[in-house]
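# Breakdown of the fold
Read off the chains here:
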Amino acid sequence: MHKNYSIPLASLPFEKHRCRSAAISCIDFRFLDADRQFIHSLTEGNFDHIKIAGAGKILLAGSPLRGEITNTIRNVCVKLHGITELIVLNHWDCGAYGSSKSFSSPQEEEERHIRDLTEVRSFLHSEFPSLAIIVGYSTVTGGQLEYRLVEHNGAPGNR
Ligand SMILES: [Zn+2]
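As annotated in an unreviewed UniProt entry, the chain carries the name Carbonic anhydrase.

Written out as structure tokens, the structure is:
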């Protein structure tokens, strides 16, 4: 029989009602730990974490989930938790993009993420003009999973 599982309340941040950031990343379990490490490198303290297949892809025009996720960000992350920063992370080999094999080259995959995330950033900026919007993606290079932020000029930036 499975034993009851418990965590000391004192070890959890229940005295807090606000956090600085929210992050949207893909549901893919392979990237859970890595994405959270990268998000922690970008922001201090706790963050709301929205995990959904395709991450930024669901915030593109025409996505059936765009309105629902936008409402969740507005009602929970902004109004309730008072975030000032919103992070959107796409990832290498994402099934929502047909995996890396559906691109003819790593460059093509990277360009797709930069294009989509640039659109996502301007959409989120128009919805949430008071928030800092940070968009990025992971790629593989030299045996490393490397995270790159998309700069405002559309070029990849290392972080
Ligand atoms: Zn994915």
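### Focus on the overall build of the chain
Within the chain, the secondary structure is distributed over three helices and six strands. For the chain, the N- to C-terminal ordering of α and β elements is β-α-β-α-β-α-β-β-β. Here the C-alpha radius of gyration of the chain, 16 Å, is about what a compact globule of 159 residues would show, namely 15 Å. The principal-axis extent of the C-alpha atoms belonging to the chain is close to 50 × 45 × 30 Å. Per-residue burial for the chain yields a buried fraction of 28% across its 159 residues. Partitioning the intrachain contacts of the chain with sequence separation of at least 6 by distance along the chain shows that 69% fall at a separation of at least 24.

### Here's the deal with unusual backbone geometry
The backbone of D93 shows a phi angle near 65°, a positive value even though the residue is not glycine. By C-beta crowding, D93 is classed as partly exposed, having 19 other C-beta atoms within 10 Å. The residue S99 is not glycine, and still its phi comes out positive at about 65°. A residue is classified by how many C-beta atoms lie within 10 Å of it, and S99, with 12 of them, is exposed.

### Details of helix α1 (residues 32–42)
Within α1 the residues assigned to the buried category are D35, F38 and I39. Take α1 and look down its axis: the buried residues cluster within an arc of 100°, on one side only. Residues of α1 that are exposed and point over 90 degrees away from its buried face: D33, Q37 and S41. Against the buried residues of α1 lie β1 (21–25), β2 (47–51), β3 (85–90) and β5 (144–150).

### Quick look at the nonpolar core
One finds A22, A23, L86, I87, V88 and L117 to be the most contacted residues of the largest nonpolar core, which totals 29 residues. At the level of elements, β1, α1, α2 (66–78), β3, α3 (106–127), β4 (132–141) and β5 are the ones that each hand at least two residues to this core.

### Quick look at the pairing of β5
As judged from the six bridges shared by β4 and β5, these two strands associate in the antiparallel manner. Bridge pairing links S138 to Y147 in β5.

### Comments concerning the environment of L32
Mapping L32 onto the fold places it in helix α1. With 19 residues separating them in the primary sequence, L32 and K51 have C-alpha atoms 9.1 Å apart.

### Things to note about the pairing of β4
In the sheet, β3 pairs with β4 via six bridges, with the strands oriented parallel. Its bridge partner being in β4, I87 is matched across the sheet by I134. Between the parallel elements β3 and β4, the chain passes through α3 in a crossover that is right-handed. Between β4 and β5, which pair antiparallel in sequence order, lie two residues; one of them, G142, sits at a positive phi of approximately 55°.

Rules used throughout
- Residues numbered from 1 in each chain as written.
- Predicted model: local features only at pLDDT ≥ 70, side-chain atom pairs only at ≥ 80, totals over all residues.
- Helix = DSSP H or I, 4+ residues; strand = E, 2+ residues; numbered from the N terminus.
- Rg over C-alpha atoms; globule rule 2.2 N^0.38 Å.
- Buried ≥ 20, exposed ≤ 12 C-beta atoms within 10 Å, placed from the backbone.
- Contact = placed C-beta atoms within 7 Å.
- Arc of directions from axis to C-beta.
- Core = buried A, V, L, I, M, F, W, Y, C linked by C-beta atoms within 7 Å.
- Pairing = 2+ DSSP bridges.
- Right-handed = clockwise from strand over helix to strand, strands pointing away.

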